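Descriptive structure summary
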Amino acid sequence: MLSAQTLFQEILDDDESYRLFCSIAASGEAQGGWENARIAALVPESGRDLAPKIVRHGADEDKHGRIFNALLKKRGLPPVEVPPETDYTMLLEQQGIGLAHSRLRGEQRLSERDIITYLAHSRVTEQRASEQMRLLRRYFADHPDIGRAVKMISHDEDNHLAYCHEELLRLARAGHGRTIQRIMRECALAEIRVYRDVSLAVMANMGRVLGWSRPKAAVLAAGIHAVYAYERLVGWRRMVTLEMPRRRDALGGPVAPEHEFA
(Lines give C-alpha, C1' and ligand atoms only; values in the text may rest on other atoms or scores of the structure.)
Protein backbone atom coordinates (compact mmCIF):
# COMPACT_ATOMS: atom_id res chain seq x y z
CA MET A 1 0.00 0.00 0.00
CA LEU A 2 1.34 3.41 -0.99
CA SER A 3 1.73 6.00 1.74
CA ALA A 4 3.99 8.97 2.36
CA GLN A 5 5.93 6.94 4.91
CA THR A 6 6.50 3.90 2.69
CA LEU A 7 7.40 6.13 -0.24
CA PHE A 8 10.00 8.07 1.72
CA GLN A 9 11.34 4.85 3.24
CA GLU A 10 11.85 3.41 -0.22
CA ILE A 11 13.76 6.53 -1.28
CA LEU A 12 15.91 6.48 1.87
CA ASP A 13 16.76 2.78 1.56
CA ASP A 14 18.26 3.05 -1.94
CA ASP A 15 21.64 4.78 -2.32
CA GLU A 16 20.91 6.42 -5.67
CA SER A 17 17.48 7.77 -4.76
CA TYR A 18 18.82 8.93 -1.37
CA ARG A 19 21.67 10.64 -3.21
CA LEU A 20 19.22 12.46 -5.47
CA PHE A 21 16.95 13.42 -2.55
CA CYS A 22 19.78 14.90 -0.47
CA SER A 23 21.35 16.63 -3.47
CA ILE A 24 18.11 18.37 -4.41
CA ALA A 25 17.55 19.42 -0.80
CA ALA A 26 21.13 20.66 -0.33
CA SER A 27 21.01 22.69 -3.54
CA GLY A 28 17.73 24.39 -2.62
CA GLU A 29 18.92 25.26 0.87
CA ALA A 30 22.20 26.68 -0.44
CA GLN A 31 20.32 28.89 -2.90
CA GLY A 32 18.11 30.13 -0.09
CA GLY A 33 21.18 30.92 1.98
CA TRP A 34 22.72 32.97 -0.82
CA GLU A 35 19.48 34.86 -1.46
CA ASN A 36 19.03 35.84 2.17
CA ALA A 37 22.66 36.90 2.50
CA ARG A 38 22.34 39.20 -0.51
CA ILE A 39 19.02 40.62 0.71
CA ALA A 40 20.57 41.35 4.10
CA ALA A 41 23.44 43.18 2.41
CA LEU A 42 21.05 45.31 0.35
CA VAL A 43 18.32 46.22 2.83
CA PRO A 44 17.35 49.90 2.80
CA GLU A 45 18.30 52.14 5.69
CA SER A 46 14.70 52.02 6.90
CA GLY A 47 15.02 48.25 7.31
CA ARG A 48 18.43 47.98 8.97
CA ASP A 49 16.86 46.55 12.12
CA LEU A 50 15.63 43.63 10.02
CA ALA A 51 19.05 42.82 8.55
CA PRO A 52 20.31 40.62 11.44
CA LYS A 53 17.19 38.44 11.17
CA ILE A 54 17.64 38.07 7.41
CA VAL A 55 21.28 37.14 8.03
CA ARG A 56 20.13 34.55 10.56
CA HIS A 57 17.58 33.19 8.08
CA GLY A 58 20.29 32.80 5.44
CA ALA A 59 22.71 31.22 7.90
CA ASP A 60 20.08 28.65 8.83
CA GLU A 61 19.55 27.78 5.16
CA ASP A 62 23.31 27.43 4.61
CA LYS A 63 23.44 25.17 7.65
CA HIS A 64 20.69 22.98 6.22
CA GLY A 65 22.60 22.64 2.96
CA ARG A 66 25.69 21.53 4.89
CA ILE A 67 23.61 19.03 6.85
CA PHE A 68 22.26 17.38 3.70
CA ASN A 69 25.76 17.21 2.23
CA ALA A 70 27.03 15.73 5.51
CA LEU A 71 24.29 13.08 5.33
CA LEU A 72 25.58 12.12 1.88
CA LYS A 73 29.17 12.02 3.10
CA LYS A 74 28.18 9.88 6.08
CA ARG A 75 26.82 7.28 3.67
CA GLY A 76 29.86 7.56 1.39
CA LEU A 77 27.88 9.13 -1.47
CA PRO A 78 28.93 12.11 -3.60
CA PRO A 79 26.24 14.67 -4.51
CA VAL A 80 24.60 14.33 -7.91
CA GLU A 81 23.84 17.14 -10.34
CA VAL A 82 20.35 18.44 -9.68
CA PRO A 83 17.99 18.08 -12.69
CA PRO A 84 16.84 21.59 -13.65
CA GLU A 85 13.19 20.55 -13.69
CA THR A 86 13.47 19.79 -9.95
CA ASP A 87 15.01 23.17 -9.03
CA TYR A 88 12.16 24.68 -6.99
CA THR A 89 13.93 27.97 -6.21
CA MET A 90 14.97 28.75 -9.77
CA LEU A 91 11.60 27.78 -11.19
CA LEU A 92 9.91 30.19 -8.78
CA GLU A 93 12.27 32.94 -9.91
CA GLN A 94 11.43 32.17 -13.55
CA GLN A 95 7.77 32.73 -12.64
CA GLY A 96 8.68 36.22 -11.39
CA ILE A 97 8.13 35.27 -7.76
CA GLY A 98 10.36 36.87 -5.16
CA LEU A 99 13.36 39.06 -5.94
CA ALA A 100 15.22 38.35 -9.16
CA HIS A 101 18.75 37.01 -8.79
CA SER A 102 19.97 39.60 -11.29
CA ARG A 103 18.79 42.25 -8.84
CA LEU A 104 20.41 40.54 -5.89
CA ARG A 105 23.76 40.29 -7.68
CA GLY A 106 23.90 44.08 -8.00
CA GLU A 107 24.77 46.68 -5.41
CA GLN A 108 21.69 48.90 -5.55
CA ARG A 109 19.80 49.12 -2.27
CA LEU A 110 16.45 47.40 -2.09
CA SER A 111 13.28 49.38 -1.48
CA GLU A 112 10.72 48.90 1.27
CA ARG A 113 8.47 47.35 -1.39
CA ASP A 114 11.23 44.84 -2.19
CA ILE A 115 11.42 43.85 1.47
CA ILE A 116 7.66 43.31 1.52
CA THR A 117 8.00 41.15 -1.60
CA TYR A 118 10.79 39.13 0.02
CA LEU A 119 8.81 38.56 3.22
CA ALA A 120 5.57 37.71 1.39
CA HIS A 121 7.41 35.25 -0.85
CA SER A 122 9.12 33.73 2.21
CA ARG A 123 5.78 33.48 4.04
CA VAL A 124 4.49 31.24 1.24
CA THR A 125 7.59 29.10 0.67
CA GLU A 126 8.31 28.67 4.38
CA GLN A 127 4.77 27.34 4.83
CA ARG A 128 5.64 24.61 2.35
CA ALA A 129 9.01 23.93 3.95
CA SER A 130 7.53 23.78 7.45
CA GLU A 131 4.82 21.33 6.34
CA GLN A 132 7.27 19.09 4.50
CA MET A 133 9.66 18.91 7.42
CA ARG A 134 6.83 18.22 9.88
CA LEU A 135 5.81 15.30 7.67
CA LEU A 136 9.35 13.92 7.71
CA ARG A 137 9.62 14.53 11.45
CA ARG A 138 6.37 12.59 12.05
CA TYR A 139 7.73 9.49 10.35
CA PHE A 140 11.50 9.70 10.73
CA ALA A 141 12.30 11.63 13.92
CA ASP A 142 13.87 8.44 15.32
CA HIS A 143 15.55 7.33 12.09
CA PRO A 144 19.22 6.45 12.80
CA ASP A 145 20.55 8.33 9.76
CA ILE A 146 18.32 11.37 9.29
CA GLY A 147 16.38 11.70 12.55
CA ARG A 148 18.50 14.40 14.17
CA ALA A 149 18.75 16.35 10.93
CA VAL A 150 15.00 16.23 10.37
CA LYS A 151 14.23 17.51 13.88
CA MET A 152 16.74 20.35 13.68
CA ILE A 153 15.68 21.52 10.22
CA SER A 154 11.99 21.24 11.11
CA HIS A 155 12.54 23.44 14.16
CA ASP A 156 14.36 26.02 12.05
CA GLU A 157 11.67 26.06 9.35
CA ASP A 158 9.00 26.67 11.99
CA ASN A 159 11.10 29.59 13.23
CA HIS A 160 11.36 31.00 9.71
CA LEU A 161 7.61 30.81 9.26
CA ALA A 162 6.98 32.51 12.60
CA TYR A 163 9.40 35.29 11.67
CA CYS A 164 7.59 35.94 8.38
CA HIS A 165 4.22 36.17 10.14
CA GLU A 166 5.53 38.59 12.75
CA GLU A 167 7.35 40.90 10.33
CA LEU A 168 4.49 40.99 7.82
CA LEU A 169 2.01 41.83 10.58
CA ARG A 170 4.29 44.68 11.63
CA LEU A 171 4.34 46.00 8.07
CA ALA A 172 0.57 45.54 7.75
CA ARG A 173 0.08 47.72 10.83
CA ALA A 174 2.28 50.32 9.13
CA GLY A 175 -0.22 50.57 6.27
CA HIS A 176 0.97 47.90 3.80
CA GLY A 177 -1.77 45.35 4.41
CA ARG A 178 -3.37 45.40 0.94
CA THR A 179 -0.01 45.19 -0.81
CA ILE A 180 1.03 42.28 1.39
CA GLN A 181 -2.18 40.36 0.71
CA ARG A 182 -1.92 40.91 -3.04
CA ILE A 183 1.70 39.77 -3.23
CA MET A 184 1.09 36.75 -1.01
CA ARG A 185 -1.84 35.66 -3.17
CA GLU A 186 0.24 35.97 -6.35
CA CYS A 187 3.07 34.03 -4.73
CA ALA A 188 0.80 31.30 -3.39
CA LEU A 189 -0.90 30.64 -6.72
CA ALA A 190 2.45 30.50 -8.50
CA GLU A 191 4.03 28.35 -5.78
CA ILE A 192 1.39 25.64 -5.93
CA ARG A 193 1.93 25.33 -9.71
CA VAL A 194 5.70 25.14 -9.32
CA TYR A 195 5.39 22.69 -6.42
CA ARG A 196 3.17 20.45 -8.58
CA ASP A 197 5.64 20.55 -11.48
CA VAL A 198 8.66 19.94 -9.25
CA SER A 199 6.87 17.10 -7.44
CA LEU A 200 6.08 15.42 -10.77
CA ALA A 201 9.68 15.87 -11.91
CA VAL A 202 11.13 14.51 -8.67
CA MET A 203 8.81 11.50 -8.75
CA ALA A 204 9.68 10.84 -12.40
CA ASN A 205 13.39 10.88 -11.59
CA MET A 206 12.89 8.73 -8.50
CA GLY A 207 10.79 6.31 -10.53
CA ARG A 208 13.56 5.84 -13.06
CA VAL A 209 16.12 5.27 -10.31
CA LEU A 210 13.94 2.85 -8.35
CA GLY A 211 12.36 1.11 -11.35
CA TRP A 212 8.77 1.91 -10.48
CA SER A 213 6.11 0.26 -12.59
CA ARG A 214 3.88 2.36 -14.83
CA PRO A 215 0.81 1.79 -12.63
CA LYS A 216 2.70 2.89 -9.52
CA ALA A 217 4.06 5.99 -11.26
CA ALA A 218 0.58 6.78 -12.55
CA VAL A 219 -0.94 6.53 -9.06
CA LEU A 220 1.72 8.85 -7.63
CA ALA A 221 1.24 11.36 -10.45
CA ALA A 222 -2.52 11.27 -9.93
CA GLY A 223 -1.99 11.99 -6.23
CA ILE A 224 0.19 15.01 -7.04
CA HIS A 225 -2.43 16.35 -9.43
CA ALA A 226 -5.14 15.81 -6.81
CA VAL A 227 -3.16 17.81 -4.24
CA TYR A 228 -2.74 20.59 -6.79
CA ALA A 229 -6.47 20.61 -7.55
CA TYR A 230 -7.25 20.97 -3.84
CA GLU A 231 -4.65 23.69 -3.37
CA ARG A 232 -5.83 25.56 -6.45
CA LEU A 233 -9.39 25.50 -5.14
CA VAL A 234 -8.98 26.30 -1.44
CA GLY A 235 -5.66 25.05 -0.07
CA TRP A 236 -3.68 28.12 -1.17
CA ARG A 237 -5.54 30.19 1.42
CA ARG A 238 -3.51 28.70 4.27
CA MET A 239 -0.46 30.35 2.70
CA VAL A 240 -1.84 33.89 2.79
CA THR A 241 -3.26 34.19 6.29
CA LEU A 242 -1.33 36.09 8.93
CA GLU A 243 -1.50 35.55 12.67
CA MET A 244 0.82 36.44 15.51
CA PRO A 245 3.00 33.37 16.15
CA ARG A 246 3.55 31.78 19.53
CA ARG A 247 7.28 31.98 18.80
CA ARG A 248 8.02 35.70 19.05
CA ASP A 249 11.31 37.09 17.74
CA ALA A 250 12.05 33.62 16.41
CA LEU A 251 15.19 34.73 14.54
CA GLY A 252 16.42 37.12 17.18
CA GLY A 253 19.14 34.84 18.57
CA PRO A 254 22.25 33.11 17.24
CA VAL A 255 22.21 30.25 14.75
CA ALA A 256 21.96 26.85 16.46
CA PRO A 257 25.05 24.84 15.46
CA GLU A 258 24.43 21.70 13.44
CA HIS A 259 25.26 18.32 14.87
CA GLU A 260 28.23 16.48 13.48
CA PHE A 261 26.74 14.16 10.87
CA ALA A 262 29.84 13.05 9.00
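Residues numbered from 1 in each chain as written. Predicted model: local features only at pLDDT ≥ 70, side-chain atom pairs only at ≥ 80, totals over all residues. Heavy atoms only, no water.

The protein carries the name Ferritin-like domain-containing protein in an unreviewed UniProt entry, which gives Streptomyces griseus subsp. griseus as its organism.

Ranked by size, the top nonpolar core spans 49 residues in total, and within it Ile 39, Ile 54, Leu 119, Tyr 163 and Met 203 carry the most contacts. Looking at this core, the element that brings in the most residues is helix H7 (residues 147-210), giving 18 residues. When residues no more than four places from it in sequence are discounted, the contact partners of Leu 119 are Leu 50, Tyr 163, Cys 164, Glu 167, Leu 168 and Leu 171. (Core = buried A, V, L, I, M, F, W, Y, C linked by side-chain atoms within 4.5 Å. Buried < 20%, exposed > 50% of the residue type's maximum accessible area, 1.4 Å probe, protein only. Helix = DSSP H or I, 4+ residues; strand = E, 2+ residues; numbered from the N terminus. Contact = heavy atoms within 4.5 Å.)

With that out of the way, let us pick up the side chain of Ser 23. By the secondary structure assignment, Ser 23 is in helix H2 (residues 15-42). Those residues within four positions of Ser 23 in sequence are excluded, and the remaining contacts are Leu 72, Pro 79, Val 80 and Val 82.

What follows deals with the packing of aromatic side chains. Taken as a whole and judged by the stated rule, the model has three aromatic pairs. Where Phe 8 meets Phe 140, the ring centres are 6.4 Å apart and the plane angle is 85°; that geometry is what we call edge-to-face. Taken together, the positions of Phe 8 in helix H1 (residues 4-13) and Phe 140 in helix H6 (residues 112-140) put the pair 132 residues apart, joining distant regions of the chain. Since its relative accessible area comes to 2%, Phe 140 is described here as buried. Relative to Phe 140, the ring of Tyr 139 has its centre 6.5 Å away and its plane inclined at 75°; by these criteria the two rings are edge-to-face. Ring pairing ties together the aromatic residues Phe 8, Tyr 139 and Phe 140, which thus form one cluster. In this structure, Arg 128 packs its charged tip against the face of Tyr 195, placed 3.6 Å from the ring centre. (Phe/Tyr/Trp six-rings, centres within 6.5 Å; stacked < 30°, edge-to-face > 60°. Lys NZ or Arg CZ within 6 Å of the ring centre and 35° of its normal.)

Let's shift gears to the packing of helix H3 (residues 51-74) against H6. Where H3 contacts H6, the two axes come as close as 14 Å, and the packing angle between them is 35°. In terms of crossing hand, the pair formed by H3 and H6 is left-handed. Along its contact with H3, which presents Ile 54, His 57 and Glu 61, the element H6 presents Tyr 118, Ser 122 and Glu 126. Partitioning the contact of H3 with H6 into residue classes produces two nonpolar, two polar and two charged. (Axes fitted to C-alpha atoms, helices over the stretch in contact; angles between N-to-C directions. Left-handed = near helix turned anticlockwise from the far one by under 90°. Nonpolar A, V, L, I, M, F, W, Y, C, P; charged D, E, K, R; others polar.)

Next up on the list: the state of the cysteines. Here the structure, examined in full by the defined rule, presents zero disulfides. The cysteine Cys 164 is free of any disulfide, with Cys 187 supplying the nearest cysteine sulfur at 11 Å. What makes Cys 164 buried here is its relative accessible area of 0%. (Disulfide = S-S within 2.5 Å.)

In this fold, Asp 15 is placed in helix H2. When the C-alpha positions of Asp 15 and Gly 76 are compared, they lie 9.4 Å apart, and in sequence the two are 61 residues distant. Here Asp 15 is in contact with Arg 75 and Leu 77, once residues within four sequence places are set aside. Only 2.9 Å separates the side chain of Asp 15 from the side chain of Arg 75, close enough to count as a polar contact. (Polar contact = N/O pair within 3.5 Å; in protein donor to acceptor, adjacent residues only side chain to side chain.)

A separate point is the side chain of Asp 158. In this structure, Asp 158 sits in helix H7. Judged by relative accessible area, which is 8%, Asp 158 ranks as buried. At 2.5 Å, the side chain of Asp 158 and the side chain of Ser 130 are in polar contact. Those residues in contact with Asp 158, other than ones at most four positions away along the chain, are Ser 130, Arg 134, Arg 137 and Arg 247.

Taken residue by residue, H1 has Leu 7, Ile 11 and Leu 12 as its buried positions. For H1, the angular spread of the buried residues around the axis is 135°, confining them to a single face. Buried residues along H1 sit in contact with H2, H6, H7 and helix H8 (214-233). (Arc of directions from axis to C-beta.)

Turning our attention to unusual backbone geometry. Of note in this structure, Asp 249 is not a glycine but carries a positive phi near 50°. Along the chain, Asp 249 turns up in the segment after H8. Under the relative-accessibility criterion, Asp 249 is labelled partly exposed at 41%.

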